[in-house]
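Residues per chain, in single letters:
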Amino acid sequence: MNSMVNLLIGLAMGLNLIALASSRLPALITAMAVQGMALGAMPLLLEHHFDWMVSLVAVCTIAGKGFVIPYLLRRAMRAANIERDMEPTIGYVPSLLLGAGGTIAVVAMARALPLLPEHAGSLMVPGALASVLTGFVLLIGRTKAISQVCGYLILENGIYLFGLLLIHVTPLFVEAGILLDLTVGVFVIGIIVDRIQRAFDTLDTRKLTTLHE
Amino acid sequence: MIVIVETIARLAGWLLLAPLLPGIINKVKAWVAGRRGPPVLQLYYDLGRLWQRGVVLSSLASPGFIAGPAVAWVAIVGAALLLPLGPAGALLSFRGDALLVIYLLALARFGTAWAAMETGSAFEGMGTAREVSYAVLAEAAIITAMLTLSVHAQSITLVEMLTPASGVGAVLLGAGLFTVLLVENCRVPFDDPNTHLELTMIHEAMILDHSGPPLAAILHGASVKLLLFVVLLTESVVPLGHFSGPVACAVLALGVLTVTVGVGLVESLLARLAFRRVPLLLTTAILLCLFALLVAWKGGAA
């Protein structure tokens, strides 16, 4: 069971790097969606006995992060008529190196953290921290609004993975609430992106810092 | 006496089998495109024809123009002889021979680059600059791959190093080494071996001014280098030690054939990358090898 969990987290780490290296928005959205689905299936693997609440949240997570949110983002992308993020503040090779360096550092560092014995052998903590770092790099280093939303969602994937450590203590209602907020948030962003596009003729967030008549 | 016979047999195997690989790759490409394609033995005919031709020498060129290809050819064949062949082991094995293989490959590249600069032609200089700047990243990747193998096997002797790990580490290392194979041998996502447009070619631009036997040596050396990387990739991913002698040989041959067909398929299905995208792919190759190293290190510690 543990090796299956580690394999999924390894996949999520790989997807982090793909997200950092891809210049095309569809590839970025796909990487984010596949990562959301891989992590969404984790509660099913972690629970030893069947629980309808856990299954419901897992199914909702997979549907929300794998299908609904990517669909909304793709629609916003088509509406705004942009395909790629061409002028990142942090280039693709440096952001890839940052992500990889961060991943290696957290894998090495996780050993020094005072973890519970049952979490010591698992990649959950390094995976969570790596996703959070990737999300930060994407948020800082990309200029288009949709890429930044993807960065935010990858950041949320990391926080979700971190929350899974406490799956036996915290009710999954919390995650369900976050998921609901997230869907609404992305829905709103989808509309805002369209408005920004109409008002400014661009989705470049650097232009949003200047005043406009 | 036996040593001499074995040396000659190995040398003959490497030298005679190597030109087959480009033929197989071209056949696969032709098959995917629905053409009949050149015969599999085309490179043998080319080498035979080039060997009979005379050499055109620039009045500017020093003896290095001839010596460069010769040095490169000898270095590549030397590196190939150091590589163990499955159950047969290596001809010569000592502590640290993995490093010698890396250095011999670098020496071969230096030889070709040196000979390319001899005529003072602008195109050769351009091709050399590109080849060497890609090599900086490709060599980092192959050194990381060698480091992964040696950390896994706790040894720096090639015979012991090429007992691969299983699972995720092998997949990562295989993907990294395959990318290195493509860039080191100037295959498609990095360079197109069939292009003859001077502005876009890399390896071909370096050898534009060579003719006759030196060109034959360069082409033959390139095919031996391709076979060397294919064998290295196969042996670092497939655990040959688990099979008995003849079966291991068959598995090795099958692995080499699979990788060669894989290269052909990649060439047929992928377009060439733009120059500015190449460093990204090479960085990915380094990272794949680096993560394989991480897996080997963590696995060894646990």
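Please read these numbers as outputs of a predicted model, since none were measured by experiment. Residue numbering note: each chain is counted from 1, following its sequence as written. Going through the entries in the order they are written, you letter the chains from A and number the ligands from 1. It should be noted that, the model being predicted, local features are given only for residues of pLDDT at least 70 and side-chain atom pairs only at 80 or more, the latter also being counted only at that level, while totals for whole chains, interfaces and linings use all residues.

J.: Would you explain the overall build of chain A in this entry?
T.: Of regular secondary structure, chain A possesses 9 helices and 0 strands. Computation of the radius of gyration draws on C-alpha atoms, with the globule rule given as 2.2 Å multiplied by the number of residues to the power 0.38. Here the C-alpha atoms of chain A give a radius of gyration of 18 Å, agreeing with the 17 Å that 2.2 N^0.38 yields for 213 residues. Around each residue's C-beta, the other C-beta atoms within 10 Å are counted; 20 or more make the residue buried, 12 or fewer make it exposed, and counts in between make it partly exposed. All C-beta atoms are placed from the backbone. In chain A, which comprises 213 residues, the proportion classed as buried is 42%. Working definition of a contact: two residues with C-beta atoms, positioned from the backbone, lying within 7 Å. Excluding contacts between residues fewer than 6 apart, the proportion of contacts in chain A whose partners are at least 24 apart in sequence is 75%. Helix numbers and strand numbers start at the N terminus; a helix is a DSSP run of H or I with at least 4 residues, a strand a run of E with at least 2.

J.: Whenever I open this one, the environment of Leu228 of chain B confuses me. Can you help?
T.: Residues and elements named next belong to chain B. By the secondary structure assignment, Leu228 is in helix α10 (residues 212–237). Spatially, the C-alpha atoms of Leu228 and Ile2 are 24 Å apart, while their sequence positions differ by 226 residues. Among all residues touching Leu228, those that are not within four sequence positions of it are Ile76, Ala79, Ala80 and Leu83.

J.: Would you mind showing me how to read the environment of Tyr134 of chain B here?
T.: Residue and element names in this part refer to chain B. Inspection of the secondary structure assignment puts Tyr134 in helix α6 (residues 122–153). You can call Tyr134 buried: it has 21 C-beta atoms within 10 Å. Considered as a pair, Tyr134 and Ile202 are 68 residues apart in the sequence and their alpha carbons are 9.9 Å apart. Filtering out sequence-adjacent residues up to four positions away, Tyr134 remains in contact with Val183, Phe190, Val278 and Leu282.

J.: Could you clarify how one ought to interpret unusual backbone geometry in this entry?
T.: Peptide bonds are mostly trans, and most non-glycine residues show a negative phi. Residue and element names in this part refer to chain B. Residues other than glycine seldom take positive phi values, yet Gln154 does so here, at roughly 55 degrees. Positive phi, normally seen in glycine, also occurs at Cys186, with a value near 55 degrees. The topology assignment puts Cys186 in the loop between α8 (168–184) and α9 (203–206). Residue Cys186 is classed as buried on the basis of its 21 C-beta neighbours within 10 Å.

J.: Can you help me understand α8 of chain B in this one?
T.: The α-helix winds at 3.6 residues per turn, so residues separated by three or four positions along the chain end up facing the same way. All names here are of chain B. Counted at 1.5 Å a residue, the expected span for α8 with its 17 residues is 24 Å, and the 24 Å between its end C-alpha atoms agrees. α8 sits mainly inside the fold: 12 of its 17 residues count as buried. Inspection of α8 places Gly169, Leu172, Leu173, Gly174, Gly176, Leu177, Thr179, Val180, Leu181, Leu182, Val183 and Glu184 among the buried residues, and these make up the whole buried set. Just downstream of α8 lies Cys186, where phi reads positive at about 55 degrees. Expected helix span is taken as 1.5 Å per residue step, with the number of steps being one fewer than the number of residues.

J.: Just checking my understanding: could you explain the interface of chain B and chain A for this structure?
T.: In many analyses, interface size is given as the accessible surface area lost on bringing the parts together. Listed per partner, the contact involves 8 residues of chain B and 10 residues of chain A. Gly is put with the polar residues, along with every residue not named as nonpolar or charged; the nonpolar set is Ala, Val, Leu, Ile, Met, Phe, Trp, Tyr, Cys and Pro, and the charged set is Asp, Glu, Lys and Arg. Looking at the side of chain B that touches chain A residue by residue, the classes come out as 6 nonpolar, 2 polar and no charged.

J.: Looking at this structure, how should I read the packing of helix α2 (residues 25–40) of chain A against helix α4 (residues 52–80) of chain A?
T.: Axes are the key here: two packed helices are described by the angle between their axes and the distance separating the axes. Residues and elements named next belong to chain A. Note on definitions: angles span 0 to 180 degrees between N-to-C directions of axes, and those axes are lines fitted to C-alpha atoms, for helices only across the stretch in contact. Running from N to C, α2 and α4 cross one another at 170 degrees; their axes reach a closest spacing of 8 Å. It follows from the interaxial angle that α2 and α4 lie roughly antiparallel. Only Ala58, Thr61, Ile62, Lys65, Gly66, Pro70, Leu73, Arg74 and Met77 of α4 make contact with α2, whose side of the interface consists of Leu25, Ile29, Ala33, Gly36, Met37 and Gly40. Residues that form the contact of α2 with α4 fall into these classes: 9 nonpolar, 4 polar and 2 charged. In these notes the angle categories are as follows: under 35 degrees is roughly parallel, over 145 is roughly antiparallel, 65 to 115 is roughly perpendicular, and the rest is oblique.

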